[in-house]
Amino acid sequence: MTDFNPNETVKAAGGGAAMRKVFVKTYGCQMNVYDSQRMSDALSGEGFVPTETIEDADLVLLNTCHIREKAAEKIYSELGRIRDMKAERAERGLGTQVAVAGCVAQAEGQEIIDRASVVDLVIGPQTYHRLPHALKRVEAGEKVVEIDYAVEDKFEALPNAPKKAIANRGVTAFLTVQEGCDKFCTFCVVPYTRGAEVSRSFLQILGEAKRLVDAGVREITLLGQNVNAWDGEDEAGQPIGLGGLLHRLAAIAGLKRLRYTTSHPRDMDDELIAAHRDLPQLMPYLHLPVQSGSDSILKAMNRRHTGEQYLRLLDRIRAARPDIALSGDFIVGFPGESDADFEDTMRMVETVGYASAFSFKYSPRPGTPGAEMDGHVSEAVKDERLQRLQALLRRQQVSFAEGLVGELLDVLIEKPGRHAGQLVGRSPYLQPVVLPETAGAIGDVIPATIHSAVANSLVAVGALMPDLNAAPRPSPVARTLA
Ligand code: SAH
Ligand code: SF4
Ligand code: F3S
């Protein structure tokens, strides 16, 4: 099987046939990043090599996000550009296949081809293992829409990543353990695009984690739309939850760090909270979205807990792991949100003190109950609330980072820095840390004293100061949702 090292010459399957190139663009959440990797692995088995240059691509694959209107609309403007590019390539006698995967594919299906005829294939998240077969149908001249939920196990059917492909992706990796959502928050499309909650089996996850570590991965982030709803059975057939799974994974020799995202407050059970106390490998950072601080809005959102219950839950988590850094998601301007409701959200943020957080203006999504509700909030009010909330969250993020100056933190070294003489790693709290190159090797966890906090990074003692004018390097872990 060929692999995905762009620096290597890879022979296409079938010997002598021209090598085909695929350009993959990923939108949305970490699960899409993971899915893109698995699709790339499946395509490498078909003789495709990756390209970063869209004009060179025989296959363009957009892995899309449907969470907010803007995210979905971006795809159509991108498809407009791809149409022009396909026409230019055709003038040079080159064919181009265009595939749309991800949550827009699942939500809109055939509509995508009706609206953008450049598209040859629409494939939903539950059918990625059928991608090679679907592409063969496209080659035979068909337009293909694959969005039925497959009965077979997608993860069983997808090929394992080649060891070199894993190594090329670095020392941190994502691993999907759970997919789908049964919570039906009234603003959210995910239960419709990703389907019902399904947990991957313990043995499948353990096998994949071991393969990752064997290829050099030192930190694994377990992924799920509701990752803490994961359940399964251990080797002895005993039922376990995410806490139990983390215990088993922490026993893998060479795996230095574990994280998980995204959790729902209702699924934080005692076993999982205890894992934060008991497992040194489990990083003291938790993304636990609350969305709003107002009980009436939480009710209208169908979050099924109150603000007070969320705060009591945080007390229990902090009792287990006092240095835990918290992150969250917030929506402003949900239908019916009054000034007083919004002030409750501001108060909630003041009370909790977040290390980082994402916040969004409510975007009505077709087919969700929220879109049909009364009391939609004007854009101007949403804008104003978002600005105030983001300013507060930003202040908290800065003060959290500044509070670490002078501290000795464990840093996982991830990659070379932007400048000669620098390395970049990550703190336990997910912040990038700039280090001197003498600090250690990529994959090491080393203690570093923090000298200063600049922009979104920490700078360790002895490191060259980062160039704040240089373009930021995209980081899959700290990725903002589109
Ligand atoms: N499963 C995760 C979140 C998935 S979506 C969870 O339950 O926390 C990521 C975030 O996008 C959500 O937490 C929410 O804050 C935001 N979001 C989802 N739907 C939205 C909408 N219609 N408008 C604005 N923000 C939305
Ligand atoms: Fe969406 Fe709510 Fe499910 Fe999260 S828990 S994916 S916000 S429906
Ligand atoms: Fe992720 Fe966006 Fe789908 S956030 S689950 S890619 S709608």
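- Per an unreviewed UniProt entry, the protein chain goes by the name tRNA-2-methylthio-N(6)-dimethylallyladenosine synthase and belongs to Fulvimarina manganoxydans.
- What UniProt records for the protein chain under Sequence similarities (unreviewed entry) is the sentence "Belongs to the methylthiotransferase family. MiaB subfamily."
- Listed in UniProt under the heading Catalytic activity (unreviewed entry), the comment for the protein chain reads: "N(6)-dimethylallyladenosine(37) in tRNA + (sulfur carrier)-SH + AH2 + 2 S-adenosyl-L-methionine = 2-methylsulfanyl-N(6)-dimethylallyladenosine(37) in tRNA + (sulfur carrier)-H + 5'-deoxyadenosine + L-methionine + A + S-adenosyl-L-homocysteine + 2 H(+)".

## Observations regarding the overall build of the protein chain
Thought 1: Within the protein chain one finds 15 helices and 21 strands.
Thought 2: The C-alpha atoms of the protein chain give a radius of gyration of 23 Å, which matches the 23 Å a tight globule of 482 residues would have.
Thought 3: Expressed as lengths along the three principal axes of its C-alpha atoms, the size of the protein chain is roughly 60 × 60 × 55 Å.
Thought 4: The proportion of buried residues among the 482 residues of the protein chain is 55%.
Thought 5: Restricting the contact set of the protein chain to residue pairs at least 6 apart, pairs at least 24 apart contribute 72%.
Thought 6: Counting 54 positive and 64 negative side-chain charges, the protein chain places the centres of these two groups 3 Å from one another.

## With respect to the sheet that holds strand β16 (residues 356-361)
Thought 1: Ordered in space as β14-β15-β16, the three strands form an open sheet in which the pairing is parallel. Each of the sheet's edge strands pairs with one partner strand only, and the pair in question is β14 (285-287) and β16. Neighbour-to-neighbour, the strand axes of the sheet open up by a mean angle of 10°, direction not taken into account.
Thought 2: Of the strand pairs in this sheet, strand β15 (residues 325-332) and β16 are connected by six bridges, and their pairing is parallel. From the neighbouring strand, valine 332 faces β16, where its bridge partner is lysine 361.

## Concerning the environment of glycine 336
Thought 1: With respect to the element layout, glycine 336 can be found in the loop between β15 and α14 (339-352).
Thought 2: In contact with glycine 336, other than residues within four places in its own chain, are Ile297, Asp341, Asp374, Gly375 and Val377.

## Regarding the environment of threonine 351
Thought 1: Along the chain, threonine 351 turns up in helix α14.
Thought 2: Once the C-alpha coordinates of threonine 351 and aspartate 329 are considered, the two residues, 22 residues apart in sequence, prove to be 15 Å apart.
Thought 3: A distance of 2.7 Å separates the side chain of threonine 351 from the backbone oxygen of arginine 347, its partner in a polar contact.

## Concerning the site of ligand 2
Thought 1: Residues in contact with ligand 2, as listed here, are Cys181, Lys183, Phe184, Cys185, Phe187, Cys188, Val190, Pro191, Asn226, His264 and Arg303.
Thought 2: For the shell around ligand 2, the per-class residue count stands at seven nonpolar, two polar and two charged.

## Topic: unusual backbone geometry
Thought 1: With an omega of 5°, the peptide bond between threonine 261 and threonine 262 qualifies as cis.
Thought 2: Along the polypeptide, threonine 262 turns up in the loop between β13 (257-261) and α11 (270-278).
Thought 3: Phi angles above zero are rare outside glycine, and phenylalanine 184 is one such case at about 50°.
Thought 4: Examined against the element boundaries, phenylalanine 184 turns out to sit in the loop between β8 (178-179) and α8 (190-193).

## A short note on the packing of α14 against helix α15 (residues 379-402)
Thought 1: Two elements in contact, α14 and α15, have axes whose closest approach is 10 Å; the angle formed by their N-to-C orientations is 5°. Classified by the angle between their axes, α14 and α15 sit roughly parallel to one another. The residues of α15 that touch α14, namely those facing Asp339, Phe342, Glu343, Thr345, Met346, Val349 and Glu350, are Arg385, Arg388, Leu389, Leu392, Leu393 and Gln396.
Thought 2: When the residues that make up the contact of α14 with α15 are grouped by side-chain class, the tally is six nonpolar, two polar and five charged.

## Things to note about the pairing of strand β17 (residues 408-416)
Thought 1: Relative to strand β20 (residues 445-454), β17 is paired through five bridges, and the arrangement is antiparallel. Counterpart to valine 411 in the pairing with β20 is isoleucine 446.
Thought 2: Here four bridges tie β17 to strand β18 (residues 422-426), and the two strands are oriented antiparallel to one another. Its bridge partner being in β18, leucine 412 is matched across the sheet by arginine 426.
Thought 3: Here β17 hands over to β18 after five residues, with glycine 421 in that stretch at a positive phi of 90°.

Basis of the calculations
- Residues numbered from 1 in each chain as written.
- Chains lettered and ligands numbered in written order.
- Predicted model: local features only at pLDDT ≥ 70, side-chain atom pairs only at ≥ 80, totals over all residues.
- Heavy atoms only, no water.
- UniProt positions renumbered as here; feature names shortened; annotations may be inferred.
- Helix = DSSP H or I, 4+ residues; strand = E, 2+ residues; numbered from the N terminus.
- Rg over C-alpha atoms; globule rule 2.2 N^0.38 Å.
- Buried < 20%, exposed > 50% of the residue type's maximum accessible area, 1.4 Å probe, protein only.
- Contact = heavy atoms within 4.5 Å.
- Lys, Arg positive; Asp, Glu negative; His and termini not counted.
- Charge placed at Lys NZ, Arg CZ, Asp CG, Glu CD.
- Pairing = 2+ DSSP bridges.
- Axes fitted to C-alpha atoms, helices over the stretch in contact; angles between N-to-C directions.
- Polar contact = N/O pair within 3.5 Å; in protein donor to acceptor, adjacent residues only side chain to side chain.
- Near = heavy atom within 4 Å.
- Nonpolar A, V, L, I, M, F, W, Y, C, P; charged D, E, K, R; others polar.
- Parallel < 35°, antiparallel > 145°, perpendicular 65-115°, else oblique.

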